[in-house]
Amino acid sequence: MGTVAFILHAHLPFVRHPEHEEFLEERWLYEAITETYIPLLEMLDALDRDGVATRLTISFSPTLLAMLGDRLLRGRYLRHLDQLVELAEKEERRTRGDGAFHPLAEMYLARCSRARTVYLDEWQHDLTAAFRSFQERGLIDVITCGATHGFLPLLAAAPAAVRTQIEVAANEYRRFFGRTAEGFWLPECAYQPGLDVELARAGFRWFAVDTHGLTNAAPRPVAGAYAPIVCDSGVAAFARDPDSSKQVWSADEGYPGDCWYRDFYRDIGFDLEYDYIKPYLLPTGERIHTGLKYHRITGRTDQKLPYEPARARERVQAHAAHFVEARQRQVEWLAHSMDRPPIIVCPYDAELFGHWWFEGPQWLELVLRGLAATPGLAATTPGDDLARHPTLQVATPAASSWGWKGYNEVWLAGENDWLYRHLHATGERLHGLCRRYPGADERTRRALTQALRELMLAQASDWAFMMSRGTTVDYAVRRVKDHLLRCQRLCDEVEAGTVDDLRLAALEDTDNLFPALDYRVMV
Amino acid sequence: MTIGDVGEAGRASLGALADLVRSAARLVQAEIETVAGPVLRAAERLAPRRTHDHPEPVAPFGQPGGGAQEQVEEAKYYVGAPIGRPVVDREVGELPRSYGTDRLVLLPRDPWWLFAYWEITPASRVEALRALGDEAAGTREVLRVYDVTFIEFDGQNAWSWFDVDFAPGAESWYVNVGKPATSYCAELGLRTASGRFLPLVRAATVQTPSSQPAPEAQVRWATLKPTAGGSPGVAWSGRYVPTDPAGAPGSSDLHTPR
């Protein structure tokens, strides 16, 4: 009678700093791997072994794929993991005799050791291969998003830039997964009419928008947000269901804030005695999150109580059952007014599960098991849905995003609006150069290709986002400037015929994503 | 440990914690504000000041140890053991002040606001003032915004227009157009004291997003064609097979909603 389509969007901006032994922002990747991607793999493995009839969609951004495949970052991750295991071992020893904390220390030691086994022994550093294998076993549909997660509506003033973001994404996906991607995750679900034409050109068959992208579509979709529509270009659009989002996040009904769940802030990196914890902090001695946290949310108080995994597990079971039951009621109610079974699309950032919400992967696994066991419900993917229901209403989604306030404001505000004149002008200039040198000699080809890498790195929506949020602003500004200046300087050198070989090689070595890239994709 | 015990470094850490909450997965931002808001604000009151107070959409991913900007800068530019291969330094210099081309670009911000940025080369300005001759005195640069919904704009045939008298020297401006689902064009030009308008550059037309459901209209349907692989939409190899409408032999029914 109805289906539920989870879409997990896994993305990190390309952060790779070979020029430093350790780099703060690289920790984003290590934490995501340890706390989200490996737990998700464990979840998929459990579902697979038990033969649970389930499907979900996972999107990997090309920059994340690049980092997961990078040798330097893999080595650094392993070093990070080894340190984490070492810290967990010390913690296990330190907390012996403490009835409240020792079981938690043991839990973390087991988890970290298990993560190491999964990463090293089971998959030999290649987590992308792991997800690929689950795709080939039929459990998941892997899709991708814009090459460097550019906010496409705001890049559209230089149309070649949008086309390149999409086409490079298609190429990178094919390189990692050996087939053509069907689905495209619009970064930030940011859509404006015309983007679907570019998606169609690159071979994508569907994308996702926020709820009002469909409810405000023209003409009005008869099924609201609960069936996909198809654009004139032939690409289908699915809309986020607000009810299931609210179930996860609302203050009244939301799950992650439950007082029995693990508290995110109380990390031993901040709590423990300085000299003891110092080897696991930043080289400058600044305290940071280690990932080992011993307290539960408890309530609106600073007096956090120790985490109790068994009680948390009970809450997870209750919340999973609640979610499944809510979808069942929702589907029953919707089915009355629909000619076809409703599809309830539940997109989330992948990093919600495990990193922010420690119990997230447990919850997700129980939900998927619950859906499989519930008559009238099933887990599906948008791709499956198109196969099953290929007749769609024709409509154009409304320009929209899933960002705060529903449009472009987060990425176009006082803190970051200055970016776009530079992004557009540089993109146009590079586009012109690419067209002017259709058959370049080797050095020019490398220079233009590296210039394209630099441009795309500058286009990442993450930088504008950080500026708008006021977090890590200096780093974000630095990244945009560096990449734009590198691109512009390479353009200068190509035009003057003075490409600096040594410097080009150094850039290729540092900003080394998309190794198979060729500048002609921008022509 | 209580809040009262928190020293300088601790307060910076609390700021970092506030960042961390926001830096977790981004979902329905208003909801995370409700869930975590009071704690965030308590943390922020104790932490070194950020520059913004507006409610928080959350960052795409965790930014551990954010802390006071200065401390973060130090931390991240700490150079460890030297490595023996060519490295790339931070780029020296600033982005160009201008790009040497007359340009005006409109970007929709939401159903009611546009953002405009422009560049007018000195040569163009000089040329324009020369063309105005005696009228040059008392002119000012303005942004003229046109409603061109369903119109092939030729400079004269807009439904309506209005001028934005932006601050002298500005190179960008937010324009409150106030009409969703509308097409806008704009020209940056000189307006004389007598009201004559000399355009210098024209923007490409943009649309403001719709802000509400469309009125009922004729419903059209289309049927997707299967992909080259044969089965509609999805190339399969694996255990779970979608229901094939043609009833291919061996297709399992695991996912058909009952």
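Residues numbered from 1 in each chain as written. Chains lettered and ligands numbered in written order. Predicted model: local features only at pLDDT ≥ 70, side-chain atom pairs only at ≥ 80, totals over all residues.

What follows deals with the overall build of chain B. A count of helical and extended segments in chain B gives four helices and nine strands. Going residue by residue from the N terminus, the α and β elements of chain B occur as α-α-α-β-β-α-β-β-β-β-β-β-β. Within chain B, the fraction of its 258 residues that count as buried is 32%. Counting contacts in chain B only where the partners sit at least 6 residues apart, residues at least 24 apart contribute 63% of the total. (Helix = DSSP H or I, 4+ residues; strand = E, 2+ residues; numbered from the N terminus. Buried ≥ 20, exposed ≤ 12 C-beta atoms within 10 Å, placed from the backbone. Contact = placed C-beta atoms within 7 Å.)

The next thing to look at is the nonpolar core. Generally speaking, soluble globular proteins have nonpolar side chains that are buried together. One finds Leu186(A), Tyr184(B) and Ala186(B) to be the most contacted residues of the largest nonpolar core, which totals 202 residues. When residues in this core are grouped by element, the largest group, 12 residues, is from helix H1 (residues 27-49) of chain A. (Core = buried A, V, L, I, M, F, W, Y, C linked by C-beta atoms within 7 Å.)

To continue, consider the domain arrangement of chain A. Residues and elements named next belong to chain A. Structurally, chain A comprises domain 1 (2-69 + 126-157 + 184-262 + 307-405) and domain 2 (412-522). Between the C-alpha centres of domain 1 and domain 2 there is a distance of 30 Å. Contacts between domain 1 and domain 2 engage 17 residues on the former and 15 residues on the latter. Looking at the side of domain 1 that touches domain 2, the elements with two or more residues in it are helix H2 (62-68) and helix H6 (152-155). The dominant element in the side of domain 1 that touches domain 2, judged by the number of residues it contributes, is H2, at three residues. Of the residues in the side of domain 1 that touches domain 2, the class split is 11 nonpolar, four polar and two charged. (Domains from an automatic or database assignment. Nonpolar A, V, L, I, M, F, W, Y, C, P; charged D, E, K, R; others polar.)

Take the packing of H1(A) against helix H5 (residues 127-136) of chain A next. Residues and elements named next belong to chain A. Following both chains from N to C, one finds H1 and H5 inclined at 30 degrees, their axes separated by 11 Å at the closest point. Compared by their axis directions, H1 and H5 come out roughly parallel. The crossing of H1 and H5 is left-handed. Of the residues in H5, those in contact with Ile33, Tyr37, Leu41, Leu44 and Asp48 of H1 are Leu127, Ala130 and Phe134. Residues belonging to the contact of H1 with H5 are distributed by class as follows: seven nonpolar, no polar and one charged. (Axes fitted to C-alpha atoms, helices over the stretch in contact; angles between N-to-C directions. Parallel < 35°, antiparallel > 145°, perpendicular 65-115°, else oblique. Left-handed = near helix turned anticlockwise from the far one by under 90°.)

Take the sheet that holds strand S2 (residues 113-119) of chain B next. Residue and element names in this part refer to chain B. Taken in spatial order, the three strands make up an open sheet running S1-S2-S5, and their pairing is antiparallel. One side of each edge strand has no neighbouring strand; the edge strands of this open sheet are strand S1 (103-110) and strand S5 (172-176). Taken pair by pair, the neighbouring strands of this sheet meet at an average axis angle of 25 degrees, ignoring direction. Sheet topology places S2 next to S5; five bridges connect them, and they run antiparallel. From the neighbouring strand, Ala116 faces S5, where its bridge partner is Trp173. (Pairing = 2+ DSSP bridges.)

Let's shift gears to the confidence of the model for chain B. In this model, chain B carries a mean pLDDT of 69, and residues with pLDDT of at least 70 account for 53%. Interface confidence for the predicted complex, given as ipTM, is 0.95, next to a pTM of 0.85. (pLDDT = per-residue confidence, 0-100.)

Under the 1.5 Å per step criterion, the end-to-end length of helix H7 (residues 159-177) of chain A is 27 Å for 19 residues, consistent within 8% with the ideal 27 Å. Looking one or two residues beyond H7(A), the residue adopting positive phi is Gly178(A), at roughly 70 degrees. (Expected span 1.5 Å × (residues − 1).)

A few words now on the environment of Asp474(A). Residues and elements named next belong to chain A. Positionally, Asp474 belongs in helix H19 (residues 473-496). A count of 14 C-beta atoms within 10 Å places Asp474 in the partly exposed class. Taking the C-alpha atoms as reference points, Asp474 and Trp463, separated by 11 residues in sequence, lie 9.8 Å from one another.

Next up on the list: the pairing of strand S3 (residues 140-145) of chain A. All names here are of chain A. Along S3, six of the six residues are buried, which leaves the element largely enclosed by surrounding structure. Alternating residues of S3 divide into Ile140, Val142 and Thr144 and Asp141, Ile143 and Cys145, and every residue in both groups is buried. Two elements, strand S2 (residues 56-60) and S3, share five bridges in a ladder whose sense is parallel. Bridged to Ile58 within S3 is Val142. Pairing analysis gives two bridges linking S3 to strand S4 (residues 183-185), with the strands arranged parallel. The partner of Thr144 across the bridge, within S4, is Phe184.

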